Amino acid sequence: MADLFDGKRNISLDTSYNMDYEAMNAANLGIANIFFLALIIGKRNNTKIAVNDHRGKEFRPSYFTPLQKDLIYGLVLNLTGSIPVDDKEITNIYDELIAYANGGIQWMRNNVFFDCLNDNGAINIEPQEIIVRFNQMIYDELNPQQSPF
């Protein structure tokens, strides 16, 4: 049986979002954590963008924390109804997860960093401001009834 989080496996992301991952990674978030955050945001908003290529940022799924692994397993079960048993199934699942992460990055571009994009449409903001924006996003999600005035 293949392992979804095998330490020998590399996850290669879409190059379309390299600059976004680099900007967020400058805030010391780590590529695996950024991917996980984007994945959750993309899934929550039911936003998927198909993978153009797999020549982008890379990380090993063994970098996920135990909690992240459990949540990803739950997501995979929700998407497929079963645990993957071979490498082809795992590759297909990661393509689906990357599509949700792409959607999450796009959602962040449109809703969190809309005023901080470069000419290519990628996130371009100071690292310390990224954490402030994420905290504001979480606050806004938890308190939607709050008025901005």
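Residues numbered from 1 in each chain as written. Predicted model: local features only at pLDDT ≥ 70, side-chain atom pairs only at ≥ 80, totals over all residues. Heavy atoms only, no water.

### Looking at the pattern of salt bridges
Inspection of the entire model under this criterion finds 8 salt bridges. Residue E22 is joined to K57 by a salt bridge in which the shortest nitrogen-to-oxygen separation is 3.0 Å. Of this pair, E22 sits in helix α1 (residues 18-25) while K57 sits in the loop between α2 (31-44) and β2 (58-59), and the two are 35 residues apart along the sequence. R55 is the partner of D53 in a salt bridge, and the nearest nitrogen-oxygen pair spans 3.5 Å. Residue classification places D53 among the buried positions, given a relative accessible area of 14%. Each of D115, E129 and R133 takes part in one network of salt bridges that share partners. (Salt bridge = Lys/Arg side-chain N within 4 Å of Asp/Glu carboxyl O. Helix = DSSP H or I, 4+ residues; strand = E, 2+ residues; numbered from the N terminus. Buried < 20%, exposed > 50% of the residue type's maximum accessible area, 1.4 Å probe, protein only.)

### Digging into α2
For α2, built from 14 residues, the straight-helix expectation of 20 Å at 1.5 Å per residue is met to within 8% by its first-to-last C-alpha distance of 20 Å. When α2 is considered as a whole, its buried residues turn out to be I31, A32, I34, F35, F36, A38, L39, I41 and G42. Buried-residue contacts for α2 involve α1, β2, α3 (66-80), α4 (87-111) and α5 (127-142). (Expected span 1.5 Å × (residues − 1). Contact = heavy atoms within 4.5 Å.)

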